[in-house]
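Chain by chain, the residues:
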Amino acid sequence: MGRLAEIYILMNELIVSARTSLKEFDGKYIYVQATPVLERFGKEGQKVYLKYKGLILPTKVAKKNEDSILLEFPKISQEKPVGDRRSARVTPSKKEIFRVILGDKVKELYDISEEGFAIYCDLEDVDDFKDKTIVPFYFELPRVGEAIKGTANLANIRDYGDKIICGFDMVSVTNADTVKIRFYIYQRIKEILEGEE
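Residues numbered from 1 in each chain as written. Predicted model: local features only at pLDDT ≥ 70, side-chain atom pairs only at ≥ 80, totals over all residues. Heavy atoms only, no water.

A. How the structure looks around the pattern of salt bridges. This model, assessed by the stated rule, comprises nine salt bridges. In this structure, the salt-bridge partner of Glu114 is Arg182, at a minimum N-O distance of 2.9 Å. Here the residue Glu114 occupies a position in the loop between β8 (105–112) and β9 (116–121), and Arg182 occupies one in helix α3 (residues 175–193), the gap between them amounting to 68 residues. Looking at Glu114, the relative accessible area reads 7%, which means it is buried. Between Asp177 and Lys180 there is a salt bridge whose closest N-O contact spans 3.4 Å. Taken together, the residues Asp177 and Lys180, both in helix α3 and three residues apart, mark about one turn of the helix. Sharing partners across several salt bridges, the network here consists of Lys105, Lys107, Asp125 and Asp128. (Salt bridge = Lys/Arg side-chain N within 4 Å of Asp/Glu carboxyl O. Helix = DSSP H or I, 4+ residues; strand = E, 2+ residues; numbered from the N terminus. Buried < 20%, exposed > 50% of the residue type's maximum accessible area, 1.4 Å probe, protein only.)

As structure tokens, this is what we get:
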């Protein structure tokens, strides 16, 4: 039995979404259950977004078979973001402590992409962050202990049940640090798809 997933297809001004299940990941392809909507709109070569367990992965339809849609697992390179876009977003492992220092506040990471990150915050934090155009940040990528620092600005505030999520765009980060983040994201994507979370 598969694991619940969603596929989003952006078509001009129309967004097509389908609830499906992740059946298998073989290192090259991500197999998802075919649905009538995916059969109709998921053409080979079509860019799609896979949402699964906090992961948002831009990819494309590679193949179709009788009961599955095969999504391409993106290759990683230093020059290109994961999925050829700066949209791949992952949550940290529950086994790891991943905290971000923003100004003088230490906050737990909610998720991260190559362009930004989101943290758990409260209304007092929101008041502090919304009045600042640039906030210095620092964090260490788990496992490798690589330090990442730069500046960020508040991009969005989301109600998340009984918690608040503050999303930040990273304004200044070195190219070397962006590559370190990319490798961390790629490693987390594989762990999530392989069911290690």
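Now that the structure is up, let's keep going.
B. Summary view of the state of the cysteines. In total, this model carries one disulfide according to the counting rule given. The disulfide that involves Cys121 links it to Cys166, with 2.1 Å between the sulfurs. Here the S-S torsion is close to 80°, and the disulfide linking Cys121 with Cys166 is therefore right-handed. Separated by 45 residues along the polypeptide, Cys121 in strand β9 and Cys166 in strand β12 (residues 163–172) bring together distant segments of the chain. The residues Cys121 and Cys166 share a single accessibility class, namely buried. (Disulfide = S-S within 2.5 Å.)

C. View of the side chain of Thr91. Looking at the element boundaries, Thr91 is found in the loop between β6 (68–72) and β7 (99–102). Sequence-distant contacts of Thr91, defined by excluding residues within four places in its chain, comprise Lys53, Gly54, Tyr110, Asp111 and Arg188. (Contact = heavy atoms within 4.5 Å.)

D. Broad picture of the sheet that holds strand β5 (residues 55–64). With respect to topology, six strands assemble into a closed barrel ordered β1-β2-β3-β6-β5-β4, the strand pairing being antiparallel. Taken over all neighbouring pairs, the strand axes of this sheet differ in orientation by 45° on average, direction set aside. The sheet contact formed by strand β3 (residues 29–33) and β6 spans five bridges and is antiparallel. Of the residues in β6, the one forming a bridge with Ile30 is Leu71. In this fold α3 packs onto β1 (3–11), β2 (14–25), β3, β4 (47–52) and β5, with an angle of close to 65° to the strand it touches most, β5. (Pairing = 2+ DSSP bridges. Axes fitted to C-alpha atoms, helices over the stretch in contact; angles between N-to-C directions.)

E. The packing of aromatic side chains, seen in detail. Overall, the coordinates contain 10 aromatic pairs when judged by the stated rule. When the centroid spacing of 5.4 Å and the interplanar angle of 50° are considered together, the rings of Phe98 and Phe139 count as tilted. Taken together, the residues Phe98 in the loop between β6 and β7 and Phe139 in strand β10 (residues 135–141) connect sequence positions 41 residues apart. This pair shows no difference in class: Phe98 is buried, exactly as Phe139 is. In this arrangement the basic side chain of Lys163 is found over the ring face of Tyr120, its NZ or CZ atom lying 4.8 Å from the centre. (Phe/Tyr/Trp six-rings, centres within 6.5 Å; stacked < 30°, edge-to-face > 60°. Lys NZ or Arg CZ within 6 Å of the ring centre and 35° of its normal.)

F. How the structure looks around the nonpolar core. Grouped together as the largest cluster of nonpolar side chains are 50 residues, with contacts concentrated most on Ile30, Leu50, Ile112, Phe117, Phe139 and Leu193. Non-local contacts of Leu193, meaning those with residues more than four positions away in its chain, are made with Arg3, Leu22, Phe25, Ile30, Leu50, Tyr52, Leu55 and Phe73. (Core = buried A, V, L, I, M, F, W, Y, C linked by side-chain atoms within 4.5 Å.)

G. Structural view of the side chain of Glu6. By the element assignment, Glu6 lies in strand β1. The charged side chain of Glu6 is buried without a salt bridge, its nearest counter-charge being Lys51 at 4.3 Å. In terms of polar contacts, Glu6 uses its side chain to reach the side chain of Tyr8, at 2.9 Å. If sequence neighbours within four positions are ignored, Glu6 has contacts with Ala18, Arg19, Tyr49, Leu50 and Lys51. (Lys, Arg positive; Asp, Glu negative; His and termini not counted. Polar contact = N/O pair within 3.5 Å; in protein donor to acceptor, adjacent residues only side chain to side chain.)

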